Amino acid sequence: MPSPVLALIPTTLVAIVGVAVVVAVALIVAGLWSARRAASLPAAPKPTPRAPEPKPESKEERPLKPAAPRPPAAAEPPKTEAEKKEAYRLKKEAEAQERERRRQEEERRAAEAAEEARGRAEEEQRRAAQARAEAERKVQAQAGKTLADGLAKTRGGFMSRLNGLLGGSGATGLDEHLLAQLEELLFSADIGVKTASRVLEAARSKLRRGELANPEAVKGALRDEIERIVVSAGAGAQVPAAAPAQPEVWMIVGVNGAGKTTTIGKLAAQLGARGAKVVLAAADTFRAAATDQLAIWAQRSGAELVKGSEGADPGSVAFEAVKRAKEIGASHVLVDTAGRLHTKAPLMEELKKVKRVLQKAEPGAPQEILLVLDATNGQNAIAQARQFHETLQVTGLALTKLDGTAKGGVVIGISDELKLPVRYVGVGETVDDLKAFEPKEFVEALFG
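Residues numbered from 1 in each chain as written. Predicted model: local features only at pLDDT ≥ 70, side-chain atom pairs only at ≥ 80, totals over all residues. Heavy atoms only, no water.

Glancing now at the overall build of the protein. Helix and strand content of the protein: 14 helices and eight strands. Scored against the burial criterion, the 448 residues of the protein give a buried share of 36%. Counting only contacts in the protein whose residues sit at least 6 apart along the sequence, the fraction spanning at least 24 positions is 79%. For the protein, the accessible surface area stands at approximately 26600 Å², while carbon and sulfur atoms represent 57% of it. (Helix = DSSP H or I, 4+ residues; strand = E, 2+ residues; numbered from the N terminus. Buried < 20%, exposed > 50% of the residue type's maximum accessible area, 1.4 Å probe, protein only. Contact = heavy atoms within 4.5 Å. Areas by Shrake-Rupley, 256 points an atom, 1.4 Å probe, with all protein chains shown as cover.)

The following block contains the structure:
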């Protein structure tokens, strides 16, 4: 029969297992409930982590103290006398080598400097030679034509016909028929009717006195009379080099196309070349091209240009030019004026107004009223000169384009009829082709 204790063991084991299962289920249920509640509540803030507190330094982590300096090594034993001499010799040898190196370097630099200086000198000589050659070329180009060159066309027509006429008269001189032909020849040279008649009358007087026995005597008579006429009108004016105490004012007048602005530019260049300080007044305010052309000449000649706006009062421009000349100490004022037709009276009145303004700007101004005439116009140039002279009291003439015409005899007619001196003649395009007129030189050039 089993014992009671053994009978109770299974029953107790079952009870223990059952209690354990119940407890496990209860724990699982409690865990699930706590997790669901925690999910429904807001998350709690995370705690800020604290900085780790420094750990106390251990003996191993403490910095090591610098080691005490070691005592200096024991000094080398003194050198022997032989070692000292050898060290001294080596030192002197090194110094000598350094001096030699420096000497050679200085010689090299000196040689390079000398070579560079020689190169510069050669370059300067080359440039100077080029400058001299260019200056000579410019001088030759600027030398221009002689008056004889300028009168080549007039002389060719006049003298060839004169020689042909007188060559047929033999050695017996002239008669009335040949004198009439000679008068026609003088007309063809644009000397003018009155002047030609005066020259022929002088020839007739000598013919009556028996002084014209051969062609050379006839030529001499004509030459003497023409020279008398031209010289009596007055000599041409050289461009002055000395600066006057007050600005010398030149009023330049003439019709369009006569070469007025170009003449002003050449005068300014000649004055500037002689050391004079020049002011140009662009008083031809009706033609913009005239101002532009004058500006180019001002730049070439080193003159100062005074101009106004297009259509401005010419008198005001002239006045300002004189004022400016006084301010800068200029010696000459060249006033360009409108080149209108001389037959229009209102325009001549305008020129008279400019003249009055210049008289107010500077007492005694204008010292020169220079009329520019185109020599190719022949007798019409004499008519222009007469009209301008009556209006403005012209003091001198400049005849341009003398090299382009066979009508150079107009110089004789102007000198005879108006008694006005020819100051300048233009025989070409360069600056020096505007030449101061010399009456005797003119006659020599005319007759060859």
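This next bit is on the packing of helix H7 (residues 215-232) against helix H14 (residues 439-447). Packing of H7 against H14 leaves a shortest axis separation of 9 Å and a crossing angle of 150 degrees. Here H14 runs roughly antiparallel to H7, going by the angle between their axes. Handedness of the crossing formed by H7 with H14: right-handed. Contact with H7, carried on its side by Lys219, Leu222, Arg223, Ile226, Glu227, Val230 and Val231, involves Pro439, Lys440, Phe442, Val443, Glu444 and Phe447 of H14 and no other residues of that element. Its residues placed into classes, the contact of H7 with H14 shows eight nonpolar, no polar and five charged. (Axes fitted to C-alpha atoms, helices over the stretch in contact; angles between N-to-C directions. Parallel < 35°, antiparallel > 145°, perpendicular 65-115°, else oblique. Left-handed = near helix turned anticlockwise from the far one by under 90°. Nonpolar A, V, L, I, M, F, W, Y, C, P; charged D, E, K, R; others polar.)

On inspection of all chains with the given rule, the structure shows 29 salt bridges. Its salt-bridge partner being glutamate 201, residue arginine 208 comes within 3.8 Å of it at the nearest N-O pair. Of the residues examined, arginine 208 reaches a relative accessible area of 60% and is grouped as exposed. Taking the shortest distance from any N to any O, the salt bridge between arginine 423 and glutamate 368 comes out at 3.5 Å. Placement of arginine 423 in strand E7 (residues 422-426) and of glutamate 368 in strand E5 (residues 368-374) is noted, with a sequence separation of 55 residues between them. The class for arginine 423 is buried, based on a relative accessible area of 16%. Each member of the salt-bridge network shares a partner with another, and the members are Glu105, Arg108, Arg109 and Glu112. (Salt bridge = Lys/Arg side-chain N within 4 Å of Asp/Glu carboxyl O.)

Time to look at the environment of isoleucine 382. In this fold, isoleucine 382 is placed in helix H12 (residues 379-392). Given the relative accessible area of 2%, isoleucine 382 is considered buried. For isoleucine 382 and glutamate 417, which are 35 residues apart along the polypeptide, the C-alpha to C-alpha distance reads 8.4 Å.

With five of five residues buried, strand E4 (residues 332-336) lies mostly within the body of the structure. Neither face of E4 is left uncovered, since the one carrying His332, Leu334 and Asp336 and the one carrying Val333 and Val335 both have all their residues buried. Summarising the sheet, strand E1 (residues 248-253) and E4 pair through five bridges and their orientation is parallel. When the sheet's bridge partners are listed, glutamate 248 is paired in E4 with histidine 332. (Pairing = 2+ DSSP bridges.)

Moving on, we come to H12. Taking 1.5 Å per residue as the helical rise, H12 with its 14 residues ought to reach 20 Å, and the 20 Å between its terminal C-alpha atoms agrees with that figure. Downstream of H12 by one or two residues, glutamine 393 has phi in the positive range, about 55 degrees. (Expected span 1.5 Å × (residues − 1).)

A word on the packing of aromatic side chains. For the structure on display, the rule yields one aromatic pair. Seen from their ring centres, phenylalanine 437 and phenylalanine 442 are 5.4 Å apart, and the 55 degrees between their planes marks the pair as tilted. Phenylalanine 442 carries the same exposure label as phenylalanine 437, and that label is buried. Over the ring of tryptophan 297 we find arginine 300, and its NZ or CZ is 4.9 Å from the ring centre. (Phe/Tyr/Trp six-rings, centres within 6.5 Å; stacked < 30°, edge-to-face > 60°. Lys NZ or Arg CZ within 6 Å of the ring centre and 35° of its normal.)

Moving on, we get to the packing of helix H6 (residues 193-208) against helix H13 (residues 410-418). The geometry of a pair of packed helices is captured by two quantities: the angle between their axes and the separation between those axes. At a closest axis distance of 9 Å, the pairing of H6 and H13 adopts a crossing angle of 90 degrees. Looking at the two axes, H6 sits roughly perpendicular to H13. Here Lys194, Thr195 and Arg198 of H6 come into contact with H13, specifically with Ile412, Gly413, Asp416 and Glu417. Classifying every residue of the contact of H6 with H13 gives one nonpolar, two polar and four charged.

This next bit is on the sheet that holds strand E6 (residues 396-400). Read from one edge of the open sheet, eight strands run E3-E2-E4-E1-E5-E6-E7-E8, paired in mixed fashion. At either end of the open sheet lies a strand with only one pairing partner, and these are strand E3 (304-307) and strand E8 (434-436). Geometrically, the sheet is characterised by an average inter-axis angle of 25 degrees between neighbouring strands, direction not taken into account. Judged from the four bridges that link them, strand E2 (residues 278-282) and E3 form a sheet pairing that is parallel. By the bridge assignment for E3, leucine 280 is matched with leucine 305.

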